[in-house]
Each structure stands twice: as structure tokens, then as C-alpha cells.
Number of protein chains: 2
Amino acid sequence: MDTSSPPRMETLSQGIADKLVRDITSGDLPQGSKISEPELSRRYGIGRGPLREAILRLEGMGLVIRAPHVGARVVTLTRTELSEIFAVREALEGMAARLAAENMTDQELGELEQLLETHAAYIEEHQGQAYIDQNGDYDFHYRIITGSRNQRLIRSLCDELYHLMQMYRKNSGSRTRPEQALFEHQMIFKALKDRDGELAEMLMRRHIGQARREIKQFIEPEQQ
Amino acid sequence: MDTSSPPRMETLSQGIADKLVRDITSGDLPQGSKISEPELSRRYGIGRGPLREAILRLEGMGLVIRAPHVGARVVTLTRTELSEIFAVREALEGMAARLAAENMTDQELGELEQLLETHAAYIEEHQGQAYIDQNGDYDFHYRIITGSRNQRLIRSLCDELYHLMQMYRKNSGSRTRPEQALFEHQMIFKALKDRDGELAEMLMRRHIGQARREIKQFIEPEQQ
DNA sequence: GATCTAAGTTTTGTTTACAATCTTTATTTT
DNA sequence: AAAATAAAGATTGTAAACAAAACTTAGATC
């Protein structure tokens, strides 16, 4: 009858997995850290079974890598790997933008426009400070991704790639140019409003590809 | 003493996961089947722990869905979901083709050309029989995907989406037109050989989008 | 002094047992 | 008779104990 009094502790392993994701994306568990089962088991006060399941789940998200009989470590993103992630994002979010142009409702478009106005006001007020870094940028992209109505696309981008991006941002400061990003967002929005999927995809790909090329520039000096 | 008679049983859960993948993609475990832990535990003669880990892994691949306290079932692909998968494939393999045009070695291109000649000979000999259905088509796509040199792309496509496609094919007969597919493959190969990434991507997307549109045609009569 | 070897310790992989939840079945009531 | 409730059965979630593998440390030999 009343199943709501326990405040929805879905399942232990799920809860631990979420906590681990937060700890990793927040930088609390830095890149390359060992995920020791006994230690975390003691720290969180749970058995090793649910913990292992949580780690398995993180492995599925690509946040940790496991070697048999050796254990799990938080994945270390080299710039090369980050560049690879951006290539996937470029392909996937480009497709998402194309589909969103077909499938987003007028109401969703209105809310997206409002979001952009908020961003514009904030940037003007704060003289181009990098507010977008935190959540604003993700908000914009998130709405378009969900607007694609493609569940698999949504899952790949929001449940897997986004966490990796978040992690990298915490571990290595990333600077963006808010005004430039905002303008690109506005162009993408215009294409969506015009229901021009082809243009929306092209603009989104350029928007993301921009960041990818910036990363790629710094690869040669660092590695090899 | 003798640990070599089981030929490289890396870890139990890994082995069980592979076996389950085979059983699902081969159609032995059809869509929607219940994955009962006690039953499979007895059938395979292992404890429930490794089995659960294997199921977790399959969930990460998207082959099964789990409901808390209810259990796991083999995922049932509706045509809508299959269409969604093709949209993701279109985006991802398009990008793979673009990158492959930049990164494949001349030797790899030579082997790919040989593969196409084999296909052509087979089709001519067997009067357009659907040999490509089995492995030939995948061979071609697989080589291009790995030619992208993007590990994340490779993993998404080969470890996740491919299994789902395989499963669907087993459960519902899919007819292809081998000659048409071969010609499209040859065009894509030409673009790769010319190192024309943009054209390769476009052709690959059309090649896959073709199948997507065919599926989409059959959605309305079936659902809604 | 450095390197190889071997024993010890820690960690992971696996099994077994227990508790909580859900599904099913049978009974009762309207 | 149909629907709702309650009890029984089965299944999943969790914890604790055991076995095997890997890393570490100490010792011996070159």
C-alpha cells in the first residue's frame, strides 16, 4: 500500500554506483585511483557484493577499467582519448540535433529559447565569466539530446559520455569562450526553430568539433 | 597443477557472459525470455555470483533489461527501437568511415579490396544469394570501424550495437539485396582509397540510412 | 650491491547462506 | 461470480566465509 516511506532507496548497488559516479566526476576519486573493494566496503559500510555490482556498472559506463585478479582503477583520460570522445560526441550529438529539429515540441523550443536568454543575460552581467562551464552548457545540450526522442542516443550521451567529460573538466581546468559558445548555441536554436535538421546537425558538429580541434592541437606537444 | 585443459577460462563471469551473448545472438534465448538466476545457475553449474556479474555486463551492452526485485529479461526490440539503433549506427559508422579514410593503412585498404572481390565472386556464382547476410557484410563494416583507430567508436559499435543487430536478425528474418549492398560497399571503398573522408562518411550514412528507412516504412502498419 | 627467488600478505573471484521483495494462488467477501 | 485480500512459494538483493591469484617483502645467491 505505502511503499514510499523508505525514500526510494532503489537498491544498494544502484545507490553506491551513483555515489561512486559523483565521487569520480567531482574529482574526489581522481583519475587513476585504485578502487579497492575492501577499503570502499568499509568506508561505505556495505558488503562487497553490491560494491562489485556497482563497479561493474561503472565499467559499463567506461568510468573505470578492470583487470582480472588485479582490480579496478578510475580511468585515466589522455588527451588522445578525450579527442576520441569528442569525435563520438560530434557524431552522436549531430544526429541528435537533426532528430530534435523534427521531434521537439513548440513548447520545448520555447523553453530552450528562454534558457538562451538567461544565458545571454548572465554573460552580459558577469562580463563573459565562464558560468556556462558549470551547468548552463550542459543544460542546452541536454535539452536537444532528449528532444531527439531517441532513447539509445539519450542513454549513450547522458549516461556515459557526459560523466567522462565532467570528470575530465574537474581534473584539468578547461577554459571556454562563453560569448562564442552562446552565439553558436543561438545559431543552433535558430535551425531547430526552423525545423532545419540538416543545418542543425552541421552547426552542432562544428560546435563540438571546435573543441575537438582545440584538444588535438595540444596532443603533439604532450605525447609522442 | 593443470590449468590449461579449460582453454583460457579467464574468469567465470567473463566466460558466462560470452556464453550468454552467444545464446542470445544465436536465438537460443529468444527476445523477452526470462533470465532466471537459479535456473541458469543450475544449468551452467556455477554459483549465482558470477552469473549476476555476467548479467550486469549484458545489461551494460543493452542486451537485457533488469527490473529491481523482478529480474532480467532478454530485451525485446520493437521496430521503433531497431530504427533508433540504426540512427545511432548511421551517425557512428559515418564518423568511422570519415576517420578510416584518414587512418587506414594502404595494406588494410588492399585487404579490404580483396574482400570485396571475394564478395563479388560469391554473388555472381550464387546468383545474388544472401551470403552477405551472414558474415560478409559485417566483415566489411568491421574493417572500416577498426580502421577509424578510435577505440571508443570501435567498442560502441562492435561490442554493443553489433550484438543487438545480430539478435534481431536471428529473431526476424531480414532480406537484403546483395548486389545493391555490394555496389554501395564498392563506392565506399573507392572513397576510402581516395582518402576522401567526407564522401566516405556521406556514402556510409546513406548505406545505413537506407536500411533505417526501410524499417521505418513498416512501423506505422505495425504500431500505432 | 643487484637480481632472482620464495614465502607471506593482501586482494580479488567464487560459493554458500540469509533476508527482503515480488508473484502467485487460494480463500473470503461483496 | 468477480474482485479483493492474505498467505505461501519463489526469486532477487545482501552479507559473510572460503579459495585462488597477484603484489610485496625478505632472503639468498651471483
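Right, let's walk through the structure included here.

Some remarks on the overall build of chain A
Secondary structure assignment for chain A yields 10 helices and three strands. For chain A, the succession of helices and strands along the chain, N to C, is α-β-α-α-β-β-α-α-α-α-α-α-α. Within the span of chain A, comprising 224 residues, buried residues form 47% of the whole. A fraction of 78% describes how many contacts in chain A between residues 6 or more apart in sequence connect residues 24 or more apart.

Quick notes on the protein's contact with DNA strand D
Neighbouring residues of DNA strand D: 19 residues in total, closest Leu12 and Gly47 of chain A together with Pro38, Arg48 and Arg52 of chain B. In DNA strand D, atoms within 4 Å of the protein come 78% from sugar and phosphate. Separating a phosphate oxygen of DNA strand D from a backbone N or O atom of Gly47 of chain A is a distance of 3.0 Å. A distance of 2.5 Å is found between a phosphate oxygen of DNA strand D and a side-chain nitrogen or oxygen belonging to Arg52 of chain B. Secondary structure elements with two or more residues in the surface near DNA strand D: helix H1 (12-25) of chain A together with strand E1 (34-35), helix H2 (37-44) and helix H3 (48-61) of chain B.

Thoughts on the packing of helix H4 (residues 79-103) of chain B against helix H7 (residues 151-171) of chain B
Residue and element names in this part refer to chain B. Following both chains from N to C, one finds H4 and H7 inclined at 145 degrees, their axes separated by 11 Å at the closest point. Where H4 crosses over H7, the two elements pack in a sense that is left-handed. On H7, the residues touching Arg79, Leu82, Ile85, Phe86, Val88, Arg89, Leu92, Glu93, Met95, Ala96 and Leu99 of H4 are Leu153, Ser156, Leu157, Leu161, Leu164, Met165 and Tyr168. Of the residues belonging to the contact of H4 with H7, the class tally is 14 nonpolar, one polar and three charged.

A short note on the packing of aromatic side chains
Residues and elements named next belong to chain A. Inspection of the entire model under this criterion finds four aromatic pairs over all chains. Relative to Tyr162, the ring of Tyr138 lies with its centre 3.7 Å away and its plane at 20 degrees, an arrangement referred to as stacked. Here Tyr138 is found in helix H6 (residues 132-147), whereas its partner Tyr162 is found in helix H7 (residues 151-171), with 24 residues between them in sequence. Note on Tyr162: relative accessible area 18%, which makes it buried. The residue whose ring lies beneath Arg43 is Tyr44, and the NZ or CZ to ring-centre distance is 5.7 Å.

Digging into the sheet that holds strand E2 (residues 64-67) of chain B
Residues and elements named next belong to chain B. Here three strands make up an open sheet; going across it, the order is E1-E3-E2 and the pairing antiparallel. Across the chains shown, the open sheet's two edge strands, defined by having one partner strand only, are E1 and E2. With two bridges connecting them, E1 and strand E3 (residues 71-74) associate as antiparallel partners. Bridge pairing in E3 links Ile35 to Ala72. Each of E1, E2 and E3 is contacted by H3, which is oriented at about 115 degrees to E2, the strand it contacts most.

Focus: the pattern of salt bridges
Residue and element names in this part refer to chain B. By the definition in use, this model includes 28 salt bridges over all chains. With a shortest N-O distance of 3.2 Å, Arg212 and Glu90 are connected by a salt bridge. Here Glu90 lies in helix H4 and Arg212 lies in helix H9 (residues 197-217), a separation of 122 residues in the sequence. Assessed through its relative accessible area of 7%, Glu90 is described here as buried. Its salt-bridge partner being Arg98, residue Glu201 comes within 2.4 Å of it at the nearest N-O pair. Of this pair, Glu201 sits in helix H9 while Arg98 sits in helix H4; the two residues are 103 residues apart in sequence, bridging distant segments of the chain.

Structural notes on the interface of chain B and chain A
Taken together, the contact between chain B and chain A spans 32 residues of the former and 32 residues of the latter. For the pair chain B and chain A, the interface holds 10 residue pairs in polar contact (both at pLDDT 80 or more). Of all the secondary-structure elements, those providing two or more residues to the side of chain B that touches chain A are H3, H4, H7 and H9 of chain B. In terms of residues, the side of chain B that touches chain A owes the most to one element, H4 of chain B, which gives 10 residues.

Side note on the protein's contact with DNA strand C
Around DNA strand C, a shell composed of 20 residues is seen, among which Pro38, Arg48 and Arg52 of chain A together with Leu12 and Gly47 of chain B lie nearest. By atom count, sugar and phosphate contribute 76% of the portion of DNA strand C lying within 4 Å of the protein. Contact between DNA strand C and Lys34 of chain A: a phosphate oxygen at 3.2 Å from a side-chain N or O atom of the residue. Separating a phosphate oxygen of DNA strand C from a backbone N or O atom of Glu37 of chain A is a distance of 3.3 Å. Put simply, the parts of the chain that give the surface near DNA strand C at least two residues each are strand E1 (34-35), helix H2 (37-44) and helix H3 (48-61) of chain A together with helix H1 (12-25) and H3 of chain B. Classifying every residue of the surface near DNA strand C gives seven nonpolar, eight polar and five charged.

Calculation notes
Residues numbered from 1 in each chain as written. Chains lettered and ligands numbered in written order. Predicted model: local features only at pLDDT ≥ 70, side-chain atom pairs only at ≥ 80, totals over all residues. Heavy atoms only, no water. Helix = DSSP H or I, 4+ residues; strand = E, 2+ residues; numbered from the N terminus. Buried < 20%, exposed > 50% of the residue type's maximum accessible area, 1.4 Å probe, protein only. Contact = heavy atoms within 4.5 Å. Near = heavy atom within 4 Å. Polar contact = N/O pair within 3.5 Å; in protein donor to acceptor, adjacent residues only side chain to side chain. Axes fitted to C-alpha atoms, helices over the stretch in contact; angles between N-to-C directions. Left-handed = near helix turned anticlockwise from the far one by under 90°. Nonpolar A, V, L, I, M, F, W, Y, C, P; charged D, E, K, R; others polar. Phe/Tyr/Trp six-rings, centres within 6.5 Å; stacked < 30°, edge-to-face > 60°. Lys NZ or Arg CZ within 6 Å of the ring centre and 35° of its normal. Pairing = 2+ DSSP bridges. Salt bridge = Lys/Arg side-chain N within 4 Å of Asp/Glu carboxyl O.

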